[in-house]
Amino acid sequence: MTVLKEKLSDTREQYEKAQKLIEEESKSDPVTEPYRSHYKACQVLLDLEKNILNVLQDIPADSETQRAYNAILCHVLKEIGRIYMFTEELSNGEKYFKKALDHIKEASATSEDDPMFIPVLVDTLNQLSILWSQRENLEQSKEFLEMAEKSYKKFREVPGATALTISDIFGGSSDDVEQGKGDIALEKLHTLTLYYMAQVLGNLGDLHKSANYCHQTLKRQIEYNDYEPIDWALNAATLSQYYFTKNALKQSRHLLAAASYMLDKYEQDICAMELSEEQKKTKMDTLNHRSADVARCWAKYGIHILSTSKDRLMQDTDEEADAAEINKEMENLTLNNEFYEFKTLSLSLYENQVGCDFVLTYDDAKLVFVNAQAWLNKAKEHYTAESEATEYARIVQDHVSLYKYLAFFDEDDANRCKFHRRRADMLEELVQLLNPTYYLVICREIWYELGLTYSTMLDIKLTALENIPADQRPTPHQLNKINKLCDSSIKSFQKYLDSYNKATETIPTNLSVDEMHPVLFAYFHIGRLFYKIITPDKKMQLWNIKNSLKYYEMLVKGCTENAEAGELLKAEMGVCKQMTNLLPLKIQKLFAEIQNEGN
């Protein structure tokens, strides 16, 4: 560079004055004037814009001095636009960002590839993307990010090209330029482009591309050491949740392992810092909080493996065809195999805790269960019932799900019943902690899940009863157990229904399809449960069958009145219609028998 420091000293002084107002003095602005320093900085930059334009009139065209002043002017215009956007004057912000873009194009026919212009170009395009995102025009926002990405890639294709920051331009000679600083700044700007693109694509509903951009962002942040450990770990763990829903288990586990690695490393860093006890406690509290969040993400990963493994086994699909379908989906997810791996992080210790394959046997399922249970217990260390009741309840519900899926893989009915009993005990304990007035949604979920749990245990017991040899009779204990399970399940479903409408014989109104579906399903379950009660007392039999008929009729009525919800219960509707024809006959027969016995 041949631009002399003396020529740029006044310009540099004014530019740095504006930056100081924004970065330092604005922190002391009064609440009544929150933008005072920004407005002062804006005026300094507006004056600087005029001065530079005057200087440019006296500078020889196509000289290196002209290029330097033009590049500085673009930075000034961009900073003015940024201030206007910060002060919520979006129209003025857009005006100056576009002035910056126009000036970049006018400054030189090849300015987009010029090391002086590329950082300000990418930054300006990023800022325009943010501006249009604030206006909720995501397509326009995406277009500016695509331009920024294209400009970056085009510059990187130029052999030996090294980007220059405004500080480099102010430096005055090549000796004053910090080698590599401009390139690092450009890479960070490009990382921001990818980060913004991930957000925009996510909001546009293109989750696959959004996930890819998120992953690229995380990888680049590691490569350029441009991250905050806790934020990075949370972003990685959150992204893992998308990948496992696509059965990309290896990628999901890799992200979770990286998140745990990052948090453990940060804990070591805290221990090495010279901090007061209060400062250290604050940092450790934040770390423990976010470690609990990552542990919950690990648990969700384990739950997905168990639940999806169960579904795959229930479907009894062709394994080779199923594997081919998963591989095809993985190819669609993966743009570049290397892109998904954080090679500089030592993650084997974390990845080896749990597999990245679906399970087939109880032993494999048990291993996933044990790890997921440990993660949930870790999460409970932060999210306690006393401090975070809602989150604590969600963790317990996840724990209950683990027992449900593990029970599927155990072929021993006695063990399966024990697992379901553990589910019921945990749910009963949880619902006692929660006041339905404040936690109604969660209480409804628990009552419904309890009804299903007791019903599942009942089915296991009934199957055992059916397998009793013909020359033996059920014991009173066995019959009592069945009736208690029927009663517990009915009471749970009725509590669920009562939460919508105390008059349980009246179908709730004004419910969405998502709410109406389980309500109608609860009627079906209760009708079935009353029918399963075993008693030698014919009057009790009559009472139970009448109740069974009542709830079956309510489901038929509910499905008729709520056709959309009824579409989801076609099989149950068919059963109920048959029962509403059969049960009146049984009622008549029982009533006649009771009458005859009375005579």
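Residues numbered from 1 in each chain as written. Predicted model: local features only at pLDDT ≥ 70, side-chain atom pairs only at ≥ 80, totals over all residues. Heavy atoms only, no water.

> Explain the overall build of the protein residue by residue, including any values.
The number of helices and strands found in the protein is 23 helices and zero strands. In summary, the protein has a C-alpha radius of gyration of 34 Å against a globular reference of 25 Å for 599 residues, an excess of more than 25%. By principal-axis analysis of the C-alpha atoms, the protein measures approximately 120 × 55 × 50 Å. When each of the 599 residues of the protein is scored for burial, the buried share is 48%. Relative to all contacts within the protein whose residues are 6 or more apart in sequence, the contacts with residues 24 or more apart total 70%. (Helix = DSSP H or I, 4+ residues; strand = E, 2+ residues; numbered from the N terminus. Rg over C-alpha atoms; globule rule 2.2 N^0.38 Å. Buried < 20%, exposed > 50% of the residue type's maximum accessible area, 1.4 Å probe, protein only. Contact = heavy atoms within 4.5 Å.)

> Residues and numbers for the packing of aromatic side chains, please.
Here the structure, examined in full by the defined rule, presents 23 aromatic pairs. Where Phe244 meets Tyr301, the ring centres are 6.5 Å apart and the plane angle is 65 degrees; that geometry is what we call edge-to-face. Within this pair, whereas Phe244 is found in helix α10 (residues 229-245), its partner Tyr301 is found in helix α12 (residues 277-315), the two being separated by 57 residues in sequence. The residue whose ring lies beneath Arg135 is Trp132, and the NZ or CZ to ring-centre distance is 4.6 Å. Across from the ring centre of Phe408, 5.6 Å away, lies the NZ or CZ of Lys310, which sits over that ring. (Phe/Tyr/Trp six-rings, centres within 6.5 Å; stacked < 30°, edge-to-face > 60°. Lys NZ or Arg CZ within 6 Å of the ring centre and 35° of its normal.)

> Explain the environment of Glu23 to me, and be specific about the residues and the numbers.
With respect to the helices, strands and loops of the structure, Glu23 is situated in helix α1 (residues 5-23). Overall, Glu23 belongs to the partly exposed group, its relative accessible area being 47%. Considered as a pair, Glu23 and His38 are 15 residues apart in the sequence and their alpha carbons are 9.3 Å apart.

> Any chance you could break down helix α21 (residues 538-561) for me, citing the residues and the numbers?
The first and last C-alpha atoms of α21 sit 34 Å apart over 24 residues, in line with the 34 Å expected at 1.5 Å per residue. Measuring from the side-chain oxygen of the N-cap residue of α21 to the backbone nitrogen of Lys539 gives 2.9 Å; that N-cap residue is Asp537. (Expected span 1.5 Å × (residues − 1). Polar contact = N/O pair within 3.5 Å; in protein donor to acceptor, adjacent residues only side chain to side chain.)

> Run through unusual backbone geometry, naming residues and quoting values.
Residues other than glycine seldom take positive phi values, yet Glu136 does so here, at roughly 65 degrees. For Glu136, the location among the structural elements is in the loop between α5 (118-134) and α6 (138-156). Accessibility expressed as a relative area gives 69% for Glu136, which makes it exposed. Unlike most non-glycine residues, Asn510 shows phi in positive territory, near 60 degrees. Relative to the helices and strands, Asn510 is located in the loop between α19 (476-498) and α20 (513-532). With relative accessibility at 78%, the residue Asn510 sits in the exposed group.

> Would you mind going over the packing of helix α8 (residues 181-204) against helix α9 (residues 207-223) in detail, with residue names and values included?
Where α8 contacts α9, the axes come no closer than 8 Å and their chain directions differ by 155 degrees. In this view, α8 runs roughly antiparallel relative to α9, as classed from their interaxial angle. Every pair of crossing elements has a handedness; the one defined by α8 and α9 is left-handed. Residue-level contacts link Glu187, His190, Thr191, Leu194, Tyr195, Met197, Ala198, Leu201 and Gly202 of α8 to Leu207, Lys209, Ser210, Tyr213, Cys214, Gln216, Thr217, Arg220 and Gln221 of α9. (Axes fitted to C-alpha atoms, helices over the stretch in contact; angles between N-to-C directions. Parallel < 35°, antiparallel > 145°, perpendicular 65-115°, else oblique. Left-handed = near helix turned anticlockwise from the far one by under 90°.)

> Talk me through the pattern of salt bridges; I want residue IDs and the actual numbers.
Throughout the structure, instances matching the rule amount to 30 salt bridges. In this structure, Arg82 and Glu79 form a salt bridge, with 3.5 Å as the shortest nitrogen-oxygen distance. Highlighted residues: Arg82 and Glu79, both in helix α3 (residues 64-86), separated by three residues, approximately one helical turn. Since its relative accessible area comes to 7%, Glu79 is described here as buried. Between Arg394 and Glu445 there is a salt bridge, with the nearest N and O atoms lying 2.4 Å from each other. Placement of the pair is Arg394 in helix α16 (residues 389-409) and Glu445 in helix α18 (residues 440-466), with a sequence separation of 51 residues. When its relative accessible area of 27% is taken as the criterion, Arg394 is described as partly exposed. One network of salt bridges, with partners in common, ties together Lys78, Glu79, Arg82 and Asp123. (Salt bridge = Lys/Arg side-chain N within 4 Å of Asp/Glu carboxyl O.)

> Can you lay out the confidence of the model for the protein for me, pointing to particular residues and giving the numbers?
This prediction gives the protein a mean pLDDT of 90; 91% of its residues lie at or above 70. Predicted confidence is poor over residues 172-176, with pLDDT under 50, and the contacts of this stretch with residues over four places away or in other chains come to nine contacts. (pLDDT = per-residue confidence, 0-100.)

> How would you summarise the nonpolar core if you had to cite specific residues and measurements?
By size, the foremost hydrophobic cluster in this structure holds 121 residues, and its most contacted members are Trp232, Tyr301 and Tyr523. One finds Ala68, Val76, Ala107 and Leu186 within the second-largest nonpolar core, a separate group that totals 55 residues. (Core = buried A, V, L, I, M, F, W, Y, C linked by side-chain atoms within 4.5 Å.)

> Please set out the packing of α16 against helix α17 (residues 413-433) residue by residue, giving values where relevant.
In a pair of packed helices, the angle between the axes and the distance between the axes together describe the arrangement. Direction vectors running N to C along α16 and α17 enclose 170 degrees, while the axes themselves pass 8 Å from each other. Here α17 runs roughly antiparallel to α16, going by the angle between their axes. Along this stretch, α16 crosses α17, giving a crossing that reads as left-handed. Where α16 approaches α17, its residues Tyr392, Ala393, Val396, Gln397, His399, Val400, Tyr403, Lys404, Leu406 and Ala407 are matched on the opposing element by Arg416, Phe419, His420, Arg422, Arg423, Met426, Leu427, Leu430 and Leu433. In terms of residue class, the contact of α16 with α17 is built from twelve nonpolar, three polar and four charged. (Nonpolar A, V, L, I, M, F, W, Y, C, P; charged D, E, K, R; others polar.)

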